[in-house]
Number of protein chains: 2
Amino acid sequence: MTRHYNFCAGPAALPAPVLERAREELLDYQGRGLSVMEMSHRSPEFVAIAEQAEADLRELLAIPDNYRVLFLQGGASLQFSMVPMNLLGQGGSANFLYTGIWGKKALAEAERLGFPVHLAGTSEPSGHAEVPRPGQIALSADAAYLHYTANETIGGLEFDYIPEVEAPLVCDMSSSILSGPLDVSRFGLIYAGAQKNIGPAGLTLVIVRDDLLDRARAPIPSLFDYRGLAEAGSMVNTPPTFSWYLAGLVFQWLKHDIGGLAAMDAINARKAAKLYAAIDASDLYSNPIAARSRSRMNVPFVLADARLDTLFLDEADAAGLLNLKGHRSVGGMRASLYNAVPEAGVDALIDFMADFERRHG
Amino acid sequence: MTRHYNFCAGPAALPAPVLERAREELLDYQGRGLSVMEMSHRSPEFVAIAEQAEADLRELLAIPDNYRVLFLQGGASLQFSMVPMNLLGQGGSANFLYTGIWGKKALAEAERLGFPVHLAGTSEPSGHAEVPRPGQIALSADAAYLHYTANETIGGLEFDYIPEVEAPLVCDMSSSILSGPLDVSRFGLIYAGAQKNIGPAGLTLVIVRDDLLDRARAPIPSLFDYRGLAEAGSMVNTPPTFSWYLAGLVFQWLKHDIGGLAAMDAINARKAAKLYAAIDASDLYSNPIAARSRSRMNVPFVLADARLDTLFLDEADAAGLLNLKGHRSVGGMRASLYNAVPEAGVDALIDFMADFERRHG
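Residues numbered from 1 in each chain as written. Chains lettered and ligands numbered in written order. Predicted model: local features only at pLDDT ≥ 70, side-chain atom pairs only at ≥ 80, totals over all residues. Heavy atoms only, no water.

In the nomenclature of an unreviewed UniProt entry, chain A is known as Phosphoserine aminotransferase of Billgrantia campisalis. In UniProt, chain A has this text filed under Function (unreviewed entry): "Catalyzes the reversible conversion of 3-phosphohydroxypyruvate to phosphoserine and of 3-hydroxy-2-oxo-4-phosphonooxybutanoate to phosphohydroxythreonine." The Sequence similarities (unreviewed entry) comment attached to chain A in UniProt states, word for word, "Belongs to the class-V pyridoxal-phosphate-dependent aminotransferase family. SerC subfamily." (UniProt positions renumbered as here; feature names shortened; annotations may be inferred.)

What follows is the structure, encoded as structure tokens:
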């Protein structure tokens, strides 16, 4: 068996110890004679798995008691619909910060559904090279909430601060959640697709403050209703049990193997700093993002000569450095450095890049 | 490692060869150095997995070319919303057959969303012991479609025929799909949560005829729009990749290990027949469903003395016969005999029941 370094933007690398544990108990969970996948979601075994996962997540992120944690389906993109359909039920408009493709999709979906939207700030003037500064954010008077994307996975643009505004803050944290400590109390609602730092695709995490559970106005689909989902412990219908279990194993790994989110934060800071330093010191590679807005999770870069792109990707793949191709909408390269990408993987990438530059630069 | 017989109603037993194959390649898919869970859904490797799964399903069910196959999230319950929001966009009413809890939920959700509904037939007069006969089904003049539940998982009630009506037929086949051959051309839309005969929870299959793709009227959430989902190959956003892969392994198992759906059908017929025969021959156990409406997949039964229930369940569990407890809404016992429950498991259950009756009956 071989394990390569996987820089995929998502679905992304998972910690090897998590996969090993899952493999070990895949056909027989703790001597019960069946797989976690084969258990009723209401069985004592699975309920224990689900509750442990939530407890570990609450501990990792120090989630206050007045927040509910939901384990849902549909991906972050379904939240683009669910958030306005819940939070605009009493009127008002959805305010957005637009810093890249994902933020734009969230705005477009609210608009598509017929809700009033307001653009409260954007990184567009900088060509999405720098997030708007606090003074450049202006909410509408009727703002029901402000939505932003903490980290733009495609552009490689990350907020270096949490906006301070009057309205509840709603944040798509799909590609940065759990990369370090977080003050959850600053937010009204946080959501994240699992397939970067949480677990496999098909699970979506929502952390929502109690007072925002009841803003929906019927009729919305039962499975969209945060209040109903919260009261049913995310089991209005059968949840994605195996993904929930794997997320729980990732939380355990973060607690016990890594030592918590402060330790994870330090590792992620080192990983990103050394890759950006290597890019900045090179004549072949470049990254266009302003230093303070650079993403720690997704590092896009281009080669000075785009004709070398294919060769770079082929050689990288042959060297066991997988999935470095940039998003099809922007081209170039992208190295995603999520939690499960070890520092040794980043070192190997930097060595490869230097060697490639020596040979072809 | 122990593998017990698992009679869970869902999430349910999966074929051991499927789990073994998944275990084998869990950390390294075909020498690529990463798990299927860690692959981009747009990578050539995953696209091949996804396309093979669809091709195998099309072959198994002989799905005509004018039907699209969607691999979605949200469970069958999300289809309770998606179906009316798509199919009633041009007006008309949703017609329903009500034969148990799941059919009732589907009707209630359409009603909750403000759509006109019409009850076109019900098994209620029989206490849900027999499905309505063809002559007892009466559609409204404005019927946009007729929805029914092929098999009621909780009640253990299954249609022994496909209704013949003017309007497109929409069927929740969550707990009976792939249990035998099916004439897909009789249906407008078929949907099924995966966690019985397809794969793990978190995947939902929709098979929809081309002409029904365009009946939605905006605004509905992008991820609800069958046309958009079909055109994006179920990849409007990241699909539940690992569940899709496992479903593909189940389809391979049905084709190669079982020999197709006619062979599966014969096995399922034998399994159900011998369990019902044992129940009918016993003085301790009974099943209330009319013979021709009895479910092949879910066999509920009660003990003549309900005080023996706990003892029955405890002894069964100790004998490696898991999850025989009936649904909390009806009590008693339920043995779910999905595809992955081997005939030997049913034999073992029958032996245990006979032995229990000798000792306690």
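Continuing now.
**Q** I keep staring at the relation of the copies chain B and chain A and nothing clicks. Help me out?
**A** Copy one and copy two of the chain differ by a rotation about a common axis and a shift along it. When chain B is fitted to chain A, the best match, at an RMSD of 0.0 Å, comes from turning it 180° and sliding it 0.0 Å along the axis. What the rotation and shift describe, once combined, is the action of a two-fold rotation axis. Residues of chain B ranked by C-alpha distance from the rotation axis are headed by B:Arg23, positioned 2.7 Å from it. When the interface residues of chain B are mapped onto chain A, 100% of them are again interface residues, pointing to one common binding face. (Least-squares fit on C-alpha atoms with pLDDT ≥ 70 in both. Contact = heavy atoms within 4.5 Å.)

**Q** What am I meant to see in the sheet that holds strand E11 (residues 285-286) of chain B here?
**A** Strands pair in a sheet through their backbones, by hydrogen bonds, and they do so in one of two ways: parallel or antiparallel. Residues and elements named next belong to chain B. As summarised here, the arrangement of the three strands in space is E11-E12-E14, forming an open sheet in which the pairing is antiparallel. For this open sheet the edge positions go to E11 and strand E14 (333-336), each flanked by a neighbour on one side alone. With two bridges connecting them, E11 and strand E12 (residues 298-303) associate as antiparallel partners. Looking at the pairing, Tyr-285 lines up with Leu-303 of E12. With respect to the sheet, helix H7 (residues 261-281) is in contact with E11, E12 and E14, its orientation differing from that of E12 by roughly 15°. (Pairing = 2+ DSSP bridges. Helix = DSSP H or I, 4+ residues; strand = E, 2+ residues; numbered from the N terminus. Axes fitted to C-alpha atoms, helices over the stretch in contact; angles between N-to-C directions.)

**Q** Could you clarify how one ought to interpret the pairing of strand E14 (residues 333-336) of chain A in this entry?
**A** Residues in a regular strand point their side chains to alternate faces of the sheet. Residue and element names in this part refer to chain A. The alternating pattern of E14 places Met-333 and Ala-335 and Arg-334 and Ser-336 on opposite faces, both of which are buried. With four bridges connecting them, strand E12 (residues 298-303) and E14 associate as antiparallel partners. Looking at E14, one finds that Val-299 is bridged to Ala-335. (Buried < 20%, exposed > 50% of the residue type's maximum accessible area, 1.4 Å probe, protein only.)

**Q** Can you walk me through the packing of aromatic side chains in this structure?
**A** Aromatic ring pairs: the centre-centre distance and the angle between the two ring planes describe each pair. Throughout the structure, instances matching the rule amount to 28 aromatic pairs over all chains. Both rings, one in A:Tyr148 and one in A:Phe159, keep their centres 4.8 Å apart while their planes meet at 75°; by these two values the pair is edge-to-face. On the criterion of sequence distance, the pair formed by A:Tyr148 in strand E5 (residues 143-149) and A:Phe159 in the loop between strand E7 (157-158) and strand E8 (169-172) is long-range, its members being 11 residues apart. The interplanar angle of 65° and the centroid separation of 5.7 Å between the aromatic rings of B:Phe159 and B:Tyr161 together place this pair among those described as edge-to-face. Its relative accessible area of 16% is what places B:Tyr161 among the buried residues. An aromatic cluster is defined as three or more aromatic residues linked by ring pairs; in this entry it consists of A:Tyr29, A:Phe242, A:Tyr245, B:Tyr29, B:Phe242 and B:Tyr245. (Phe/Tyr/Trp six-rings, centres within 6.5 Å; stacked < 30°, edge-to-face > 60°.)

**Q** Just to check I follow, could you spell out the UniProt feature "binding site: L-glutamate" (unreviewed entry) in chain A for this structure?
**A** UniProt marks A:Arg42 with the feature "binding site: L-glutamate" (unreviewed entry), using the numbering shown here. Looking at where A:Arg42 falls in the secondary structure, it is placed in the loop between helix H1 (16-24) and helix H2 (44-61). If we skip the residues at most four places from it in the chain, A:Arg42 touches A:Val47, A:Met235 and B:Arg328.

**Q** Mind showing me how you'd approach the sheet that holds E12(A) here?
**A** Within the open sheet, the three strands sit side by side as E11-E12-E14 (chain A). Their pairing is antiparallel. For this open sheet the edge positions go to strand E11 (285-286) and E14 of chain A, each flanked by a neighbour on one side alone.

**Q** Explain the interface of chain B and chain A to me, please; I cannot follow it from the model alone.
**A** How large an interface is tends to be reported as the accessible area lost when its parts come together. Counting from both sides, the interface comprises 61 residues of chain B and, opposite them, 61 residues of chain A. A buried area of about 5,100 Å², summed over both sides, lies between chain B and chain A, and 58% of it is on carbon and sulfur atoms. On the chain B side of the interface with chain A, the three residues burying the most area are B:Leu27, B:Met37 and B:Glu38, jointly 15% of the side's total. The interface formed by chain B and chain A includes four salt bridges. The tally of links from chain B across to chain A stands at 26 residue pairs in polar contact (both at pLDDT 80 or more). Going through the elements one at a time, helix H1 (16-24), helix H3 (75-87), helix H4 (101-112) and helix H6 (241-258) of chain B are the ones with two or more residues in the side of chain B that touches chain A. Split by residue class, the side of chain B that touches chain A holds 29 nonpolar, 20 polar and 12 charged. (Buried area = accessible area lost by both parts, 1.4 Å probe. Salt bridge = Lys/Arg side-chain N within 4 Å of Asp/Glu carboxyl O. Polar contact = N/O pair within 3.5 Å; in protein donor to acceptor, adjacent residues only side chain to side chain. Nonpolar A, V, L, I, M, F, W, Y, C, P; charged D, E, K, R; others polar.)

**Q** For this particular structure, what's the right way to read unusual backbone geometry?
**A** Phi is mostly negative for residues that are not glycine, and the peptide bonds are mostly trans. In this chain, A:Gly10 is followed by A:Pro11 through a cis amide linkage whose omega measures -10°. In this model, B:Leu178 sits at a positive phi of 70°, which is unusual for a non-glycine residue. You can see B:Leu178 is positioned in the loop between strand E8 (169-172) and strand E9 (189-193). You will see that B:Asn323, though not glycine, has its phi angle at about 65°, which is positive. Relative to the assigned elements, B:Asn323 resides in the loop between strand E13 (321-322) and E14.

**Q** Please clarify how the environment of A:Tyr145 should be interpreted in this entry.
**A** All names here are of chain A. Relative to the helices and strands, Tyr-145 resides in strand E5. We classify Tyr-145 as buried; its relative accessible area is 1%. Taking the C-alpha atoms as reference, Tyr-145 lies 42 Å from Arg-23; in sequence the two are 122 residues apart. Ignoring sequence-local partners within four residues, the contact set of Tyr-145 consists of Val-83, Pro-84, Leu-87, Leu-88, Ser-93, Ala-94, Asn-95, Phe-96, Ala-167, Pro-168 and Val-170.

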